[in-house]
Amino acid sequence: MLKKILFMIVGAALLGVLLILKFDFSTFISTVSTNVSWLFYFLISLSIIAQLVFRSLRFGMLFNSSFSEKIQMFDVFVLSSASFFLALATPNKLGDTFRAVFYKKQQWEITAISLIEFVMDIVLVLIIPLLGFFVLYKIHFKQLLVGYIIVALVIAVLLFFLKYSNPDRGKPNFYAKNVYKFSLLKQYVAKGLKSKFALFTGFLFTCLTLGVYFTVFYAVVRKLGGEVTFVEALVAAGVGVFIGSMSFIPMGIGTRDVSAYAILVTFGVNAEVALSSVVIIRSLSVTLVLVSCICYFIAIHRFGSTGQHKKSLELPIR
């Protein structure tokens, strides 16, 4: 908990420094009032909610295509949005796993699908900015390949370290104590990966979820007078999302904003326009917080009282 608070303070401080050094409130008001109408802001606030819808559809398609016992789509939306609310306060969307806490009846299946979703998010968040830079700057294929190899090696080293390091040598190994649970989770993940249809639709809805954010980002920058192409806006937003995710700071506060701002300025966007765009995009988080917060309390009322009759771990894999 202390680390999470520290990360949030660091991110907020980074955003605060950017605003203090670069933000001119009078210029911001003038720029926004001249170019952005309340109708436009209302429309993008509604549009951003589509992220919750696509996230829910992805989870529903992955889960219902992988397991025989289905979850109703309304429950899927409530669970996904409630977990999104918790994910806003956790690094790297770890809050997504709280769907299993709400819906204990199928907690291990839900956890497995959440892991698959996490991998999809990481893969696309990594690939999109790289492909954007490739399109913009015609990066040679060998350079792109080297980049991927470096990333793969870093991930491999981290996995090796996590697998073979044991800082608490005098205590029972955590994996050894929970070997059956991990085995069960592994089987459910494998079951979720078997369906090609589920994986295809999962990646499709992941692209649509990110696509909503990129499109809104592009629309805001253009509306404020920024002369950027969609690919340039995609790269700026993509780099921001990637760095925000890798920073382990909840909601990518500060890191996502500063990164997107820096890339926009690099592409020749006026500094005031770039900063105003980042501030407006960040303000849309309020809409997501409100909707997901409502779903969170619905989830508590709908699933909290019954606990969904926690399923025994002894049941066989379907």
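Relevant structure appears above.
Model, not experiment: these values are computed from the prediction.

The rules behind each value
Residues numbered from 1 in each chain as written. Predicted model: local features only at pLDDT ≥ 70, side-chain atom pairs only at ≥ 80, totals over all residues. Heavy atoms only, no water. Axes fitted to C-alpha atoms, helices over the stretch in contact; angles between N-to-C directions. Helix = DSSP H or I, 4+ residues; strand = E, 2+ residues; numbered from the N terminus. Parallel < 35°, antiparallel > 145°, perpendicular 65-115°, else oblique. Left-handed = near helix turned anticlockwise from the far one by under 90°. Contact = heavy atoms within 4.5 Å. Nonpolar A, V, L, I, M, F, W, Y, C, P; charged D, E, K, R; others polar. Patch = residues over 30% accessible without salt bridge, like charges linked within 9 Å, V, L, I, M, F, W, Y side chains within 5 Å. Areas by Shrake-Rupley, 256 points an atom, 1.4 Å probe, with all protein chains shown as cover. Salt bridge = Lys/Arg side-chain N within 4 Å of Asp/Glu carboxyl O. Expected span 1.5 Å × (residues − 1). Core = buried A, V, L, I, M, F, W, Y, C linked by side-chain atoms within 4.5 Å. Buried < 20%, exposed > 50% of the residue type's maximum accessible area, 1.4 Å probe, protein only.

Draft legend 1. Structural view of the packing of helix H11 (residues 196-223) against helix H14 (residues 271-283). Direction vectors running N to C along H11 and H14 enclose 140 degrees, while the axes themselves pass 9 Å from each other. By the angle between their axes, H11 is oblique relative to H14. Seen along the crossing, H11 lies across H14 with a hand that is right-handed. Together, Tyr213, Val216, Phe217, Val220 and Val221 of H11 and Val273, Ser277, Ile280 and Ile281 of H14 make up the contact between the two elements. When its residues are assigned to classes, the contact of H11 with H14 shows eight nonpolar, one polar and no charged.

Draft legend 2. Examining a nonpolar patch on the surface more closely. Together, Leu39, Phe42, Leu43 and Leu46 give the surface a local cluster of nonpolar side chains, amounting to about 400 Å² of exposed area. By the secondary structure assignment, phenylalanine 42 is in helix H3 (residues 38-47).

Draft legend 3. Representation of H11 in the model. The end-to-end C-alpha separation of H11 is 40 Å, in line with the 40 Å expected for 28 residues at 1.5 Å each. At the exit of H11 stands glycine 225, carrying a positive phi of roughly 105 degrees.

Draft legend 4. Up close: the nonpolar core. In terms of nonpolar packing, the biggest core is built from 46 residues, with Tyr213, Val216, Phe217, Val220, Leu264 and Ile280 touching the most fellow members. Mapped onto this core, the elements with two or more residues apiece are helix H2 (25-35), H3, helix H4 (50-66), helix H7 (107-137), H11, helix H12 (230-246), helix H13 (255-266) and H14. If near-sequence neighbours (up to four positions away) are discounted, leucine 264 is found in contact with Phe217, Val221, Val228, Ala236, Val269 and Ala274. Membership of the second largest hydrophobic core comes to 27 residues, among which are Phe59, Ala112, Leu184 and Tyr296.

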